[in-house]
Amino acid sequence: MKTSWIFLFSMLLWMNAKTQNNPDACVGTWLTGSKKGHVQIYKQGDKYFGKIVWLKEPNNPTTGQPRTDINNSDAQKKTRPLLGLVNLRDFKYDGSNTWNDGKIYDPENGKEYSCKMKLVDPNHLDVRGYIGVSLMGRTDSWTRIK
């Protein structure tokens, strides 16, 4: 019994060390905290981006048409589909499982915020959107699905 606990503890330490210094550890598909969507995070060059790849309600209930970016303040963007929309951009790996200097777009209110991400463990990502300093913001906890 003692041997199995030691093995389990060793495996957890190994998994944590493996993700600790891996800039690509955030790459994958994540379920948002609201559980309304999946965001696929990917690397392009030396930066990280995310796009909406699944919506719980992909169609507008009144029109039956695919949901669009109706809350965007830019009239030309109101008709763009939410599926495939890049809503995370320009994140840089900062070490210690943290990605900074990014932007997050919230299609529910049509606003963009400064953002940072922190990998809590291999399957949980804290995404913090803020205005100005990160103390003034909101954190959403995402769960890895792929």
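Residues numbered from 1 in each chain as written. Predicted model: local features only at pLDDT ≥ 70, side-chain atom pairs only at ≥ 80, totals over all residues. Heavy atoms only, no water.

Asks: Would you mind showing me how to read unusual backbone geometry here?
Replies: Outside of glycine, negative phi angles account for most residues, and trans bonds account for most peptide bonds. Backbone geometry at Ser96 places phi at a positive 50 degrees, although glycine is not the residue there. Considering the arrangement of structural elements, one finds Ser96 in the loop between β4 (86-93) and β5 (98-106). Overall, the relative accessible area of 43% leaves Ser96 in the partly exposed class. (Helix = DSSP H or I, 4+ residues; strand = E, 2+ residues; numbered from the N terminus. Buried < 20%, exposed > 50% of the residue type's maximum accessible area, 1.4 Å probe, protein only.)

Asks: What am I meant to see in a nonpolar patch on the surface here?
Replies: A surface patch of nonpolar side chains, amounting to about 370 Å² of accessible area, comprises Val133, Leu135 and Met136. Overall, the relative accessible area of 59% leaves Met136 in the exposed class. (Patch = residues over 30% accessible without salt bridge, like charges linked within 9 Å, V, L, I, M, F, W, Y side chains within 5 Å. Areas by Shrake-Rupley, 256 points an atom, 1.4 Å probe, with all protein chains shown as cover. Salt bridge = Lys/Arg side-chain N within 4 Å of Asp/Glu carboxyl O.)

Asks: When you look at the environment of Leu125 in this model, what are you seeing that I'm missing?
Replies: Among the structural elements, Leu125 can be located in strand β7 (residues 124-130). By relative accessible area, which is 0% here, Leu125 ends up buried. Between the C-alpha atom of Leu125 and that of Trp142, which follows or precedes it by 17 residues, the distance is 5.1 Å. The contacts of Leu125, once residues within four sequence positions are left out, are Trp30, Ile41, Trp99, Met117, Lys118, Leu119, Asp140, Ser141 and Trp142. (Contact = heavy atoms within 4.5 Å.)

Asks: For this particular structure, what's the right way to read the pattern of salt bridges?
Replies: In a structure, side chains of opposite charge can pair up when their charged atoms sit close to one another. Evaluation of the coordinates by the stated rule reveals seven salt bridges. Lys43 is the salt-bridge partner of Asp24, the closest N and O atoms lying 3.5 Å from each other. Here the residue Asp24 occupies a position in the loop between α1 (2-20) and β1 (28-31), and Lys43 occupies one in strand β2 (residues 37-44), the gap between them amounting to 19 residues. Since its relative accessible area comes to 35%, Asp24 is described here as partly exposed. Lys92 serves as the salt-bridge partner of Asp101, at 3.7 Å between the closest nitrogen and oxygen.

Asks: I tried to follow the packing of aromatic side chains on my own but got confused; where do I start?
Replies: Centre-to-centre distance and the angle between the planes together describe a pair of aromatic rings. Going through the model one piece at a time under the given rule, you end up with three aromatic pairs. Ring centres 6.3 Å apart and planes at 75 degrees place the aromatic pair Tyr48 and Trp99 in the edge-to-face group. With a gap of 51 residues between them, Tyr48 in strand β3 (residues 47-55) and Trp99 in strand β5 connect regions that are remote in the sequence. Here Tyr48 matches Trp99 in class, with each residue buried. Taking 5.2 Å as the distance between ring centres and 55 degrees as the angle between the ring planes, the aromatic pair formed by Tyr93 and Trp99 counts as tilted. (Phe/Tyr/Trp six-rings, centres within 6.5 Å; stacked < 30°, edge-to-face > 60°.)

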